[in-house]
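# An overview of the molecular structure
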Amino acid sequence: MFEIEGRENLWKFFIGMFPPELSWNFLSLLFRPFLETIQISMMGTLIAVGIGFPFGLLGTRTFMVGGVLNEADVKGSPSRFALRWSGYFMARGVLSLFRSIPEFVWAFMFVRAVGLGPFPGVLAIGVAYGGMLGKVYSEIFEGVNYRPLEALQSTGANKMQVFFYGWLPQVLPNFVSYTLYRWECAVRASAILGLVGAGGLGQQIEISMRMFNFHEVLTLLIILFLMVAAVDYISAKVRAIL
Amino acid sequence: MAQYHLENITKIFARRQVAVKGLDLKVQKGERVALIGPSGAGKTTLFRMLNCTLRPTSGRLWIDGEEVVNLHGKKLREVRRRIGTIYQQHNLVPRLKVIHNVLSGQLGRWSTMRSLISLVRPTNTDLAMKALSLVGIGDKIFSRTDELSGGQQQRVAIARVLVQNPEVILADEPVSSVDPSLASSIVSLLIEISQNTHKTLLMNLHSVDLALAYFPRVIGIRKGVPLFDLPPDKISDHLLEDLYAGHLSPNQQEKFAEEESGNLVYQ
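Scoring rules and cut-offs
- Residues numbered from 1 in each chain as written.
- Chains lettered and ligands numbered in written order.
- Predicted model: local features only at pLDDT ≥ 70, side-chain atom pairs only at ≥ 80, totals over all residues.
- Heavy atoms only, no water.
- Helix = DSSP H or I, 4+ residues; strand = E, 2+ residues; numbered from the N terminus.
- Rg over C-alpha atoms; globule rule 2.2 N^0.38 Å.
- Buried < 20%, exposed > 50% of the residue type's maximum accessible area, 1.4 Å probe, protein only.
- Contact = heavy atoms within 4.5 Å.
- Areas by Shrake-Rupley, 256 points an atom, 1.4 Å probe, with all protein chains shown as cover.
- Lys, Arg positive; Asp, Glu negative; His and termini not counted.
- Charge placed at Lys NZ, Arg CZ, Asp CG, Glu CD.
- Pairing = 2+ DSSP bridges.
- Axes fitted to C-alpha atoms, helices over the stretch in contact; angles between N-to-C directions.
- Polar contact = N/O pair within 3.5 Å; in protein donor to acceptor, adjacent residues only side chain to side chain.
- Patch = residues over 30% accessible without salt bridge, like charges linked within 9 Å, V, L, I, M, F, W, Y side chains within 5 Å.
- Salt bridge = Lys/Arg side-chain N within 4 Å of Asp/Glu carboxyl O.
- Core = buried A, V, L, I, M, F, W, Y, C linked by side-chain atoms within 4.5 Å.

This next bit is on the overall build of chain B. Scanning chain B from N- to C-terminus turns up 11 helices and 10 strands. Relative to its length of 267 residues, chain B is compact, with a C-alpha radius of gyration of 18 Å against a globular reference of 18 Å. Principal-axis analysis of the C-alpha atoms places the extent of chain B at approximately 55 × 40 × 35 Å. Put simply, chain B has 267 residues, and 54% of those count as buried. Sequence separation of 24 or more characterises 68% of the internal contacts of chain B that already satisfy a separation of 6 or more. Total accessible area computed for chain B in this model is approximately 11,700 Å², and 50% of it derives from carbon and sulfur atoms. Charged side chains of chain B number 33 positive and 26 negative; the gap between the two group centres comes to 9 Å.

Next comes the structure, spelled out in structure tokens:
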């Protein structure tokens, strides 16, 4: 596994990356893909929340069918029972499907469908991360303290009112922090997605790699690292406010 | 017409644990009734059926002449709106401001949209302020609820019921997580509210003394069935001994209470 030749090559590769390429010529070239990566990750995450939130809620058993919040409403009413369960399974199924296919494969398919560029990247992140967010949202939703929710419901509140007054306030910090973490992942993913032609810094990494220009690759990796660190910083700030 | 009419009400939980067994009960409008009995006797489960949270396994339940066991959706919410509940652990939303917890008593009357708007900018501050002043903590209206003491939180819960303005108040052990010196003041506050606004009041109490001192009708419940249903002066020490005699050891009691209060039922 660790033959001398392999070790030497590894060493050469690492050494070959230094120093990072910092010429203005190259850096000015990165401005557009840099912005594009931010845009792809933000739009993608936004779409992911748009998918994950409603489906995650429908995929929350204690919201739809089970437990004390549904007992009086669902028991003894076969039509409600069937409707709620089918909504639940539909949401669960959609979320499983979306996240079982990796974002890389989604990007590949979307590139085929809508052509090269950032748009397929946005769609790929939106769909794949929507599946992941939805699953984790539903788990966050199920982990709340149900006593306040029971009290809200007993005042005659409907499910959505119970959700906004009791459910969401309880989970908000977790909800936001996990969403921001997914945004961080999306920034990273945009590097991979670029390799299949879905825009962003990744496309530039691919080009520099092909040209064996490892100085440039190092620069790109450093930029990626700084972006992830920045997102991490923002998310810490937001959590502190909540 | 009776406020509550229960006929042969039984509640069996998923683990075949019988919480309430063949209970018959009639409560007239405006009546004040205390329920006492050992932990795990089924009092909390009974209350959760009385406020239409749990559905009886069998039996019939009329509220104000309307049979409620098979109500769903909007009609069910309409019945719930007319019943206000105060819980042992306040059951407030800790991260919300006091005002939102108090105004959540209005949810049964508000549209979803209106309640969302109020969450951003409280629409009915006067109403909340009036209720909070009545329970003596008007100055806490914009505090975060989890910053309040246990006794203050219980007062917020009472203010929520005042805003809800129901026909019936169910108070499930309202003072057992409150400082003992505050207990009688909270009980008498609830009595006063029910008297002034002609509401029916049902209260579960751990403290026999409070029940006997404040309520004209006391029901003793044991193992899911009523043992007696009498005015306080007819309740002898002998009856009370029977009610609490030979009940579970403290350890088992705790376990029972936990199961009864429904941690298991939620999931």
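Per the secondary structure count, chain A includes 11 helices and 0 strands. Tracing chain A from N to C terminus, the helices and strands come up as α-α-α-α-α-α-α-α-α-α-α. Scaling as 2.2 N^0.38, a compact globule of 242 residues should have a C-alpha radius of gyration of about 18 Å, whereas chain A reaches 23 Å, well beyond that. By principal-axis analysis of the C-alpha atoms, chain A measures approximately 70 × 40 × 40 Å. When each of the 242 residues of chain A is scored for burial, the buried share is 52%. Put simply, of all contacts in chain A between residues at least 6 apart along the chain, 76% involve residues at least 24 apart. Split by element, the accessible area of chain A, about 11,800 Å² in all, is 71% carbon and sulfur. Averaging the coordinates of the 18 positive side-chain charges in chain A and doing the same for the 15 negative ones gives two points 10 Å apart.

What follows covers the sheet that holds strand E8 (residues 200-204) of chain B. Sheets are built from strands that pair by backbone hydrogen bonding, the pairs being arranged parallel or antiparallel. Residues and elements named next belong to chain B. The sheet built from 6 strands is open, its strands ordered E6-E7-E8-E3-E9-E10 with mixed pairing. At either end of the open sheet lies a strand with only one pairing partner, and these are strand E6 (83-86) and strand E10 (225-230). Here the average twist between neighbouring strands, direction ignored, is 20 degrees. Examined bridge by bridge, strand E9 (residues 217-222) and E10 share 5 bridges and lie antiparallel to one another. The residue of E10 that forms the bridge with Ile 219 is Asp 229. In the packing of helix H1 (residues 43-50) onto the sheet, contacts are made with strand E3 (32-36), E6, strand E7 (168-172), E8 and E9, and the angle to E8 comes to roughly 150 degrees. Docked against the sheet, helix H6 (residues 150-164) engages E6 and E7, running at close to 180 degrees with respect to E6.

To continue, consider the sheet that holds strand E4 (residues 58-63) of chain B. All names here are of chain B. The strand order across the open sheet built from 4 strands is E2-E1-E4-E5, with neighbouring strands paired in antiparallel fashion. Sheet topology places strand E2 (18-27) and strand E5 (66-67) at the edges, where each strand pairs with a single neighbour. One ladder, built from 2 bridges, connects E4 with E5; its direction is antiparallel. Looking at the pairing, Trp 62 lines up with Glu 67 of E5. Lying on the sheet, H1 is in contact with strand E1 (4-12), E2 and E4; it crosses E1 at an angle near 120 degrees.

Within the secondary structure, B:Thr85 is located in strand E6. Polar side-chain contacts of B:Thr85 include one of 2.9 Å to the side chain of B:Asn51.

The next thing to look at is a nonpolar patch on the surface. Residues and elements named next belong to chain A. Together, Phe 104, Val 105, Phe 108, Met 109, Ile 192 and Leu 195 line one region of the surface with nonpolar side chains, adding up to about 500 Å² of accessible area. Listing elements by their share of the nonpolar patch, those giving two or more residues are helix H6 (103-114) and helix H9 (159-195). Considering each element in turn, the nonpolar patch owes the most residues, 4 residues, to H6. Mapped onto the fold, Ile 192 is located in helix H9. According to the relative accessible area criterion, Ile 192 is partly exposed, its value standing at 42%.

Turning to the interface of chain B and chain A, a few remarks are in order. Opposite the 42 residues of chain B that make contact, chain A presents 34 residues. Counting every contact that joins chain B to chain A gives 2 salt bridges. Residues A:Glu150 and B:Arg48 are paired through a salt bridge, measuring 3.0 Å at the closest nitrogen-oxygen approach. In this assembly, chain B and chain A are joined by 16 residue pairs in polar contact (both at pLDDT 80 or more).

Before going further, it helps to spend a moment on the nonpolar core. If you look at the biggest cluster of nonpolar residues, it comprises 129 residues, and the most contacted ones within it are A:Trp167, B:Tyr4 and B:Leu202. Ranked by residue count, the leading element in this core is helix H7 (residues 118-142) of chain A, at 13 residues. Judged by nonpolar contacts, the second largest core, of 14 residues, contains A:Trp183, A:Ala191, A:Leu224 and A:Val228.

Among the 8 residues of helix H8 (residues 146-153) of chain A, 8 are classified as buried, and the element is accordingly described as predominantly covered. In this structure A:Asn145 caps H8(A), since a side-chain oxygen of it lies 3.0 Å from the backbone nitrogen of A:Arg147.

Moving on to the pattern of salt bridges. Two side chains carrying opposite charge are able to pair once their charged atoms lie near each other. Under the defined criterion, the tally for this structure stands at 16 salt bridges over all chains. A:Lys75 is paired through a salt bridge with A:Glu71; the nearest N and O atoms lie 3.8 Å apart. Owing to a relative accessible area of 7%, A:Glu71 belongs among the buried residues under this scheme. By sharing partners, the salt bridges in this structure join A:Glu71, A:Lys75 and B:Lys11 into a single network.

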